[in-house]
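If you want the building blocks of each chain, they are given just below.
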Number of protein chains: 2
Amino acid sequence: MDIKHYMNDLGVRARAASRAMAKADTAAKNKALSLIAAAIRREAAALRAANELDLAAAKAAGMEAAMLDRLTLSDKAIATMAEGLEQIVSLADPIGEISNMKYRPTGIQVGQMRVPLGVIGIIYEARPNVTVDAAGLCIKSGNATILRGGSEAIHCNQALAMLVKEGLAGAGLPADAVQIVETTDRAAVGELITMPQYVDVIVPRGGKGLIARLMQEATVPMIKHLDGICHVYIDDKADLKKAVDVAFNAKCHRYGTCNTMETLLVAQGIAPQVLPALAEQYAGKQVELRCDDAAAAILAGYPHLVKATEEDWSTEYLAPVLAVKVVADLDEAITHINDYSSKHTESIITEDYSRALRFLREVDSASVMVNASTRFADGFEYGLGAEIGISNDKLHARGPVGLEGLTSMKYVVFGHGEVRQ
Amino acid sequence: MDIKHYMNDLGVRARAASRAMAKADTAAKNKALSLIAAAIRREAAALRAANELDLAAAKAAGMEAAMLDRLTLSDKAIATMAEGLEQIVSLADPIGEISNMKYRPTGIQVGQMRVPLGVIGIIYEARPNVTVDAAGLCIKSGNATILRGGSEAIHCNQALAMLVKEGLAGAGLPADAVQIVETTDRAAVGELITMPQYVDVIVPRGGKGLIARLMQEATVPMIKHLDGICHVYIDDKADLKKAVDVAFNAKCHRYGTCNTMETLLVAQGIAPQVLPALAEQYAGKQVELRCDDAAAAILAGYPHLVKATEEDWSTEYLAPVLAVKVVADLDEAITHINDYSSKHTESIITEDYSRALRFLREVDSASVMVNASTRFADGFEYGLGAEIGISNDKLHARGPVGLEGLTSMKYVVFGHGEVRQ
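Keep in mind it's a predicted model, so treat the numbers as computed, not measured.

A. Region of the structure containing the sheet that holds strand E9 (residues 288-291) of chain A. Strand order in this open sheet of 10 strands is E10(A)-E9(A)-E11(A)-E8(A)-E7(A)-E12(A)-E13(A)-E16(B)-E2(B)-E1(B), and the pairing throughout is mixed. Only two strands of the sheet have a single partner each, and these edge strands are strand E10 (305-307) of chain A together with strand E1 (98-103) of chain B. Direction aside, neighbouring strands of the sheet carry axes that sit 25° apart on average. Inspection of the sheet shows E1(B) paired to strand E2 (residues 109-116) of chain B by four bridges, in the antiparallel sense. Paired with Tyr103(B) across the bridge in E2(B) is Gln109(B).

Written as structure tokens, this is what we have:
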């Protein structure tokens, strides 16, 4: 198989399909999504059978348990995929919305129209549900998509792709609007990320290793997320109960997520009160605390205490481990965060109005919070309805990326025969 | 001089200054802009003297007349620079604006805040006025900037940079918020476009050659504009007078601009009426018409008629030359435009409501117009107040880029102690 030729062909088909999708009306897009959801429910047994082939191959290849778990398509996962599509049906269609239409002194009227980006390439690892979630978001936002899932899930992804194509056809939309890369050859990824003539943006979903590798080679722009080194800063004007609740939740609600707190900063004025109260909570979860000298002095005797090194301030643990630092004040906290965070999500705990406003304005991260757990940084929690990923970048989309992140604004001008003087 | 070390130092200073600029209040930013305008007026003689040094060197090096003209800083150009800054003062400050603040079922309030991008690198050629225009837009939008002007204008740019720094200091803002690359070594550009740790976006202003070269090497994202292959489509439901007025203006108002029409498409039903009327106008300007067979048959006898080749449909002439094609209908026009245009600006001339809506929705370009000259695609004409450039890209900013294009939206969450369940 000539991978270059194969990927080029996918690209040509995707570009052609993207034009039809851009002008598809809301009813057709919603009909496709509903048909796909119905087909997924109808073919649940066949999907599980395809998934069994993937699981058998993965077990034979010695895949570890956590990965096997992500690869498994349970009855519940199948139902959730179908429900996810129906949720996307219920979201407003962003395409075609015209805003800010204003008359100019020359007589022309100028505004902006929301339009699809065109062709979205999505690169992901084991989870087969991404195939359906991503296809659904791209269909609703009027884009064509090329999906490159993990080779471990190839049978399952092919089975899902057939159902997606069935739904598209049933709604009179081009089947090429959603294409799966059917080869497991890694060279296909290399092609996908270097064909800007056919692909407008790449959304990589996966580990830091995958994304760092793609960044080296890609010539297509990416909406990407690298790591989540999130901070909570407990100000000395914090409400003690809120501080303990939020700092415990931000670390312990889930360890492996990108919006989990990895570094806790505490103002020196409140550290002697809040740190022991928090340590009591963390002790129940055996959370290891990597402390600077001041925090270590306050927490002497904590059973899982380790002295922090410089490296700890820039480490994403994804585990029951937390870096803890005592800072003089808000200024030191903001400076530390802007120096070490991955610009994902940071939260201040304070009852002080002016400090809250300063934190919101001066912390340069995609999500900035007051008195709330960093775990809220998520497309569903923010009301986007669904998310295709989270962006650490500043250009285009920042933070959780929903339907709007897959769109762009073009200028529209209503004239009445005007010419430029 | 060690260029790598020098550029790295500029980057570190710019990043530090960007933090101060991000929190600078509107009054300080406006004061800096007013002080710079005043300093430019006060030092007009010194600026002209610095410019004379550049002009003398350029003449000695045999620079051609058109380039010398762009390099010249006349009294009028100096006054225009100062006025431009005062216009930027009068624009609303986009930074800090919070929008769409909504309660979520969990109790948190989620919205978005407009924030600066950080550090903007601007690469441009001869025109010294870009130094001041770009500095002004970056200051108002709370960004730091590194300016790399053409080596031909180095004396003039250094003189302007001193006045900019004087204004920043007078307003209590960091002088490093605007830095000029003081070396004319081309390696400096190579460094600037490959230091994403210090530079958030590059805005290249210059010819297609410059930008194509930068695209090969840049690892920092760019807001870039390559070429303007703009179309006017005269529908068979067009008002004949509007059609002639707009198609004449779009070609002949100025030849060298990116929003000038380069291809005219005419519906076959109206071509026999509209083409001769237009040719009469174009003949007065000696516009060469590169015609397909159908247009050539109608225009037989036109003094500057040439048969079009395939290459003409994708050529940006920037000259009194126009490609002319007769198409069957709106569908063929839209397909031709989406195949050949550079996605800059296209206009339909029609009185038909449904066709106007279809053209607006289905043509995939940064500006899409009805019954207006493509020459209106411009930041000032659109009411942006000023423009840093025009983007042909789909991500982030599309079309004329003003202050908002130099900003980004971060999520802000107002909590009351909420934790994730």
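Here the narrative resumes.
B. How the structure looks around the sheet that holds strand E5 (residues 178-180) of chain B. All names here are of chain B. Taken together, the four strands give an open sheet; going across it, the order is E5-E4-E3-E6, and neighbouring strands pair in parallel fashion. Looking at strand neighbours, the two that pair on one side only are E5 and strand E6 (201-205), the edges of this open sheet. Going across the sheet, the axis of each strand differs from the next one's by a mean of 20°, ignoring polarity. The pairing of strand E3 (residues 119-124) with E6 spans five bridges and is parallel. Of the residues in E6, the one forming a bridge with Ile122 is Val203.

C. Region of interest: the packing of helix H2 (residues 26-42) of chain B against helix H6 (residues 129-140) of chain B. Residue and element names in this part refer to chain B. Direction vectors running N to C along H2 and H6 enclose 160°, while the axes themselves pass 9 Å from each other. As far as their axial angle goes, H6 and H2 are roughly antiparallel. Judged by the sense of rotation from one axis to the other, the crossing of H2 with H6 is right-handed. Where H2 approaches H6, its residues Lys29, Asn30, Leu33, Ile36 and Ile40 are matched on the opposing element by Val132, Gly136, Ile139 and Lys140. Residues of the contact of H2 with H6, tallied by class, amount to five nonpolar, two polar and two charged.

D. Up close: unusual backbone geometry. At Asn100(A), a position not held by glycine, the phi torsion is positive, near 60°. On the secondary structure map, Asn100(A) appears in strand E1 (residues 98-103). Its identity as a non-glycine residue notwithstanding, Leu318(B) has a phi of 55°, on the positive side. Summarising the element assignment, Leu318(B) is placed in the loop between strand E10 (305-307) and strand E11 (321-327).

E. Local environment of the interface of chain A and chain B. Counting residues at the interface gives 68 residues for chain A, matched by 67 residues for chain B. Between chain A and chain B, roughly 5700 Å² of surface is buried when both sides are summed, and carbon and sulfur atoms account for 54% of that area. When the area that chain A buries against chain B is broken down by residue, the three leading residues are Arg361(A), Tyr411(A) and Arg420(A), summing to 17%. The interface formed by chain A and chain B contains 10 salt bridges. When the shortest N-O distance is used, the salt bridge between Arg19(B) and Asp339(A) registers 2.8 Å. At the boundary of chain A and chain B, one finds 49 residue pairs in polar contact (both at pLDDT 80 or more). Those elements that provide at least two residues to the side of chain A that touches chain B are helix H1 (3-23), strand E2 (109-116), helix H10 (240-252), helix H13 (330-340), helix H14 (353-362), strand E13 (367-372), strand E15 (399-401) and strand E16 (407-418) of chain A. The element best represented in the side of chain A that touches chain B is E16(A), accounting for 11 residues. In terms of residue class, the side of chain A that touches chain B is built from 30 nonpolar, 19 polar and 19 charged.

F. Structural view of the pairing of strand E8 (residues 261-267) of chain A. All names here are of chain A. Most of E8 is tucked away, with seven of its seven residues classed as buried. In terms of strand pairing, strand E7 (residues 230-234) meets E8 through five bridges, oriented parallel. Across the sheet, Val232 pairs through a bridge with Leu264, a residue of E8. After leaving E7, the chain enters H10 and then returns to the sheet as E8, a path that is right-handed.

G. Geometry of the side chain of Lys394(A). Structurally, Lys394(A) is set in the loop between strand E14 (389-391) and E15. Owing to a relative accessible area of 11%, Lys394(A) belongs among the buried residues under this scheme. At 2.7 Å, the side chain of Lys394(A) forms a polar contact with the backbone oxygen of Leu117(B). If we skip the residues at most four places from it in the chain, Lys394(A) touches Asp364(A), Leu117(B), Gly118(B), Asp200(B) and Ser408(B).

H. Local environment of the pairing of E2(B). Where burial is concerned, most of E2(B) is hidden: seven out of the eight residues are buried. The antiparallel hairpin formed by E1(B) and E2(B) contains five residues in its connecting segment, where Gly107(B) sits at a positive phi of about 105°.

I. Layout of the packing of aromatic side chains. Residue and element names in this part refer to chain A. In total, this model carries four aromatic pairs over all chains according to the counting rule given. Judged by centre distance (6.2 Å) and plane angle (35°), the ring pair of Phe248 and Tyr282 falls under tilted. One end of the pair, Phe248, is in helix H10; the other, Tyr282, is in helix H11 (residues 271-284), with 34 residues separating them in the sequence. Across the ring face of Trp313, the terminal group of Lys325 is positioned such that the distance to the ring centre comes to 5.3 Å.

J. Layout of the domain arrangement of chain A. According to the domain assignment, chain A consists of domain 1 (3-223 + 400-413) and domain 2 (230-376). With centres defined by C-alpha atoms, the gap from domain 1 of chain A to domain 2 of chain A works out at 36 Å.

Definitions and cut-offs
- Residues numbered from 1 in each chain as written.
- Chains lettered and ligands numbered in written order.
- Predicted model: local features only at pLDDT ≥ 70, side-chain atom pairs only at ≥ 80, totals over all residues.
- Heavy atoms only, no water.
- Pairing = 2+ DSSP bridges.
- Helix = DSSP H or I, 4+ residues; strand = E, 2+ residues; numbered from the N terminus.
- Axes fitted to C-alpha atoms, helices over the stretch in contact; angles between N-to-C directions.
- Parallel < 35°, antiparallel > 145°, perpendicular 65-115°, else oblique.
- Left-handed = near helix turned anticlockwise from the far one by under 90°.
- Contact = heavy atoms within 4.5 Å.
- Nonpolar A, V, L, I, M, F, W, Y, C, P; charged D, E, K, R; others polar.
- Buried area = accessible area lost by both parts, 1.4 Å probe.
- Salt bridge = Lys/Arg side-chain N within 4 Å of Asp/Glu carboxyl O.
- Polar contact = N/O pair within 3.5 Å; in protein donor to acceptor, adjacent residues only side chain to side chain.
- Buried < 20%, exposed > 50% of the residue type's maximum accessible area, 1.4 Å probe, protein only.
- Right-handed = clockwise from strand over helix to strand, strands pointing away.
- Phe/Tyr/Trp six-rings, centres within 6.5 Å; stacked < 30°, edge-to-face > 60°.
- Lys NZ or Arg CZ within 6 Å of the ring centre and 35° of its normal.
- Domains from an automatic or database assignment.

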